[in-house]
Amino acid sequence: MCKFYDIIIVGAGHAGCEAAHAAATLGSRVLLITMDMGKIAQMSCNPAMGGIAKGQIIREIDAIGGLSGIVSDQSMVQFRMLNRSKGAAMWSPRSQNDRSLFSALWRGYLEGCSNIDFWQDSVKQIIIEKGIIAGVITGLGITFKSKAIVLTNGTFLNGIIHIGQKQFGGGRMGDPASSGITEQLVSLGFQSGRMKTGTPPRIDGRSIDYTKMEEQKGDEIPSGFSFKKTQLPKNQLSCWITYTNEKVHAVLRTGFDESPMYSGRIRGLGPRYCPSIEDKINRFAERDRHQIFVEPEGWSTCETYLNGFSTSLPDHIQMKALSLIPGFENAKMFRPGYAIEYDYFPPTQLKNTLETHMFENLYFAGQINGTTGYEEAACQGLMAGINAHLKLREQKPFILKRSEAYIGVLIDDLINKGTEEPYRMFTSRAEYRILLRQDNADIRLTKLAYKIGLADNSRLVKVESKEANIKSIIRYLHKTGITPNAANPVLSDVDSSSINQQVKLSSLLLRPRINLDYLIQKVDFIAKELAIYNREELLSAEILVKYDGYITREKDLADKINRLENVRISTDVDFHKLTSLSAEAREKLTKIKPATIGQASRISGVSPSDISILLVQFGR
């Protein structure tokens, strides 16, 4: 066993796996330390990937060369493209996954990387020699030396599990908590805080009456996440929908006195946008029911996940309430829901590479930064792994702008605004979301990833071919006309007004209820001309035609804002000496240490007049 590595990754959750794979693929010698080799990339909560904005992140990870999209495709039991009824910027891919297969595939891919070694143990201490990161000491007292460390500790740092009045240490059910790292980092000057998340009970699917529920099938033609087009399952499992009711709510309220959330035993803030069922009935008292998604956990298990019923109430209250939900009258529980409280480190202590300000070559990624969700964690791990590798080789960091990726939005939000509650990505957080669509993640990012060596040549060739084909489709739509005789029957079928002269196909696409797939089905000459292109290329071309004005406007706005990103701020500046800045601006700028004027402009408390002063100082 080697005792010296380029990079040590602490934790093998979604962030740690992406970090290890990225750094090792780029050429770094990596040690991945995890407390349980049997739970690599464990889906500790919902066995699903993607969703609103999260699906865009998975496609971005894939476009850069990460593995989350490929593993999700190969382990999926159902796929759906969400928000199809809305504009293309809102379309979000989501998969339901086989929990065990997902973890097994990830482990297999990592074990296939010759540059990755594994060690099953906890990490108790980071070694710092003369102010420089030098390695770790494990729970077994073993020392591993390294040039860089990426901490991806998830919910394990001093984790406490709560079920009613019961509480015990744990990083998740069945796993011990991790101690020592928080205490050391705080003693070194880092700020820490507490957060809370939760999970619902798991139910024996054999005891559920699905006839009382609404069936939710997957897409007829699943598109998946990966641009490499891995083999998708030929069959899919259904999910199901049921609802709570007033009787359920009344039973849950009887447990509030024993709830750790309301008794004050939990100090950490929980996720605003994924509240527990008790939080829902308290905050939305006017509602007489809440939706519950009943989701299978895999191909070969009857274990079932209750999305929407996260709770930390006493187990007997959980069981009694569940029996009053349609379809769960005779339900058997595998394990109760619980809340978990854990340490995190406010991410304003990080650079935009996810390296800490305080110590070079120490990186934080995932829930340690106050985020929630596999997708948010995975993309941070990917970026931390890439940048740790590049830093050791004295190469330019890999940083994504807000106009380039949701990943760029997430990291920019974290380091500039911080978070006091678990951060979750939404499309509304991105000001350039028409540019950041799920269909064009490869066009946006693969060439950038190829330059640093993470995306291989086959990906580059594929994206260049896609771009060329999209341009060809758009040219055809702009130059080809359609006569009234050919168009009017098609328009009549969707109650669209007729035409009295020949028009270009591109102008027809601007009409509501008219899309390219419909025209291909109805008009033979269009179908014949476009038969050589795949569905993804046709869809991307259609989007670019339909939203051309909006896309151009967003690009122009992004270009204006990005000019400020090119104005660098000196790393050794003392903001307190710039007395013309407001007192709040001097305080925030000193704390966050922005690298550019653009970054400074997004810090809460830094006003436009402060930015003008900084431009005078650094924009010459």
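Nothing here was measured: the structure is a model prediction, and the numbers come from that model.

**With respect to the domain arrangement of the chain**
Turning to step 1, where the next piece is worked out: Here the chain is described as being made up of domain 1 (202-337), domain 2 (461-551) and domain 3 (566-618).
Turning to step 2, where the next piece is worked out: On a C-alpha basis, the centroid separation for the pair domain 1 and domain 3 is 46 Å.

**A word on the environment of S498**
Turning to step 1, where the next piece is worked out: You can see S498 is positioned in the loop between α14 (484-493) and β22 (503-504).
Turning to step 2, where the next piece is worked out: For S498, a relative accessible area of 53% gives the class exposed.
Turning to step 3, where the next piece is worked out: The contact partners of S498, leaving out residues within four places of it in the chain, are N488, L491 and R511.

**Description of the sheet that holds strand β4 (residues 76-82)**
Turning to step 1, where the next piece is worked out: Pairing is antiparallel in the open sheet, where three strands are placed in the order β3-β5-β4. Of all the strands in the sheet, the pair left with one neighbour each is β3 (48-50) and β4. With strand direction ignored, the average angle separating the axes of adjacent strands in the sheet is 15°.
Turning to step 2, where the next piece is worked out: Of the strand pairs in this sheet, β3 and strand β5 (residues 92-97) are connected by three bridges, and their pairing is antiparallel. In the strand pairing of β5, M49 is matched with S95.

**Describing helix α20 (residues 583-592)**
Helical periodicity: at 3.6 residues per turn, an α-helix aligns residues three or four positions apart in one direction.
Turning to step 1, where the next piece is worked out: Burial in α20 covers these residues: A585, R586, L589 and I592. Down the axis of α20, the sector holding all buried residues measures 150°, keeping them to one side. With respect to the buried face of α20, the exposed residues turned more than 90 degrees away are A583 and E587.
Turning to step 2, where the next piece is worked out: Turning to α20, the residues buried within the fold contact α11 (406-417), α21 (597-601) and α22 (608-618).
Turning to step 3, where the next piece is worked out: Positive backbone phi, approximately 55°, marks K593, located one or two places after α20.

**Details of the pairing of β5**
Turning to step 1, where the next piece is worked out: Among the six residues in β5, six count as buried, and that is most of the element.
Turning to step 2, where the next piece is worked out: Side chains S92, R94 and Q96 of β5 all project onto a buried face; the interleaved residues P93, S95 and N97 project onto the opposite face, where all are buried too.
Turning to step 3, where the next piece is worked out: In the sheet, β4 pairs with β5 via six bridges, with the strands oriented antiparallel. Each residue of the ladder has a partner; that of Q78, found in β5, is Q96.

**Overview of the nonpolar core**
Turning to step 1, where the next piece is worked out: Counting 104 residues, the largest nonpolar core has I64, L151, L362 and I407 as its most contacted members.
Turning to step 2, where the next piece is worked out: Among the elements that make up this core, the one with the highest residue count is helix α10 (residues 374-392) (10 residues).
Turning to step 3, where the next piece is worked out: Among residues more than four places away in sequence, those in contact with I64 are L382, I386, F398, L400, I407, L445, A449, L454 and A455.
Turning to step 4, where the next piece is worked out: By size, the runner-up hydrophobic cluster in this structure holds 25 residues, among which are I473, A487, I499 and A541.

**Some thoughts on the pattern of salt bridges**
Turning to step 1, where the next piece is worked out: Across all of its chains, the model carries 38 salt bridges by this definition.
Turning to step 2, where the next piece is worked out: One salt bridge in this structure joins D175 and K39, with 2.9 Å as the shortest N-O distance. Within this pair, whereas D175 is found in the loop between β11 (166-169) and α5 (181-187), its partner K39 is found in the loop between β2 (30-34) and β3, the two being separated by 136 residues in sequence.
Turning to step 3, where the next piece is worked out: The exposure class of D175 is buried, given its relative accessible area of 9%.
Turning to step 4, where the next piece is worked out: When the shortest N-O distance is used, the salt bridge between K391 and E360 registers 3.1 Å. Within this pair, whereas K391 is found in helix α10, its partner E360 is found in the loop between β19 (338-344) and β20 (362-364), the two being separated by 31 residues in sequence.

**Some details on the environment of I33**
Turning to step 1, where the next piece is worked out: By the element assignment, I33 lies in strand β2.
Turning to step 2, where the next piece is worked out: In contact with I33, other than residues within four places in its own chain, are I8, I9, V10, G11, A12, W119, D121, V123, V136 and F144.

**Overview of the packing of aromatic side chains**
Turning to step 1, where the next piece is worked out: If you walk through the whole model with that rule in mind, you get eight aromatic pairs.
Turning to step 2, where the next piece is worked out: Seen from their ring centres, F190 and F345 are 6.3 Å apart, and the 85° between their planes marks the pair as edge-to-face. Linking F190 in the loop between α5 and β12 (193-199) with F345 in the loop between β19 and β20, this pair joins segments that are 155 residues apart in sequence.
Turning to step 3, where the next piece is worked out: Relative accessible area serves as the criterion here: at 4%, F190 is assigned to the buried category.
Turning to step 4, where the next piece is worked out: Between Y210 and W240 the ring centres are 5.0 Å apart and the planes differ by 40°, which places this aromatic pair in the tilted class. One end of the pair, Y210, is in the loop between β13 (202-204) and β14 (214-216); the other, W240, is in strand β15 (residues 239-243), with 30 residues separating them in the sequence.
Turning to step 5, where the next piece is worked out: Through successive ring pairs, a cluster of aromatic residues spans F190, F345, F359 and F364.
Turning to step 6, where the next piece is worked out: Note that R59 overlies the ring of F227, its terminal NZ or CZ placed 4.2 Å from the centroid.
Turning to step 7, where the next piece is worked out: Here the basic side chain of R84 rests over the ring of W91, its NZ or CZ set 4.7 Å away from the ring centre.

**A few points about the packing of helix α13 (residues 457-479) against helix α18 (residues 535-546)**
Turning to step 1, where the next piece is worked out: The contact between α13 and α18 brings their axes to 9 Å, and the two run at 55°. The pairing of α13 with α18 is recorded here as oblique in orientation. Our pair here, α13 against α18, has a crossing hand that is right-handed. Each of S465, K466, N469, I470, I473, I474, L477 and H478 in α13 lies in contact with α18, whose residues at this interface are E536, E537, L538, S540, A541, L544 and V545.
Turning to step 2, where the next piece is worked out: In the contact of α13 with α18, the residues fall into eight nonpolar, four polar and three charged.

About the criteria used
Residues numbered from 1 in each chain as written. Predicted model: local features only at pLDDT ≥ 70, side-chain atom pairs only at ≥ 80, totals over all residues. Heavy atoms only, no water. Domains from an automatic or database assignment. Helix = DSSP H or I, 4+ residues; strand = E, 2+ residues; numbered from the N terminus. Buried < 20%, exposed > 50% of the residue type's maximum accessible area, 1.4 Å probe, protein only. Contact = heavy atoms within 4.5 Å. Pairing = 2+ DSSP bridges. Axes fitted to C-alpha atoms, helices over the stretch in contact; angles between N-to-C directions. Arc of directions from axis to C-beta. Core = buried A, V, L, I, M, F, W, Y, C linked by side-chain atoms within 4.5 Å. Salt bridge = Lys/Arg side-chain N within 4 Å of Asp/Glu carboxyl O. Phe/Tyr/Trp six-rings, centres within 6.5 Å; stacked < 30°, edge-to-face > 60°. Lys NZ or Arg CZ within 6 Å of the ring centre and 35° of its normal. Parallel < 35°, antiparallel > 145°, perpendicular 65-115°, else oblique. Left-handed = near helix turned anticlockwise from the far one by under 90°. Nonpolar A, V, L, I, M, F, W, Y, C, P; charged D, E, K, R; others polar.

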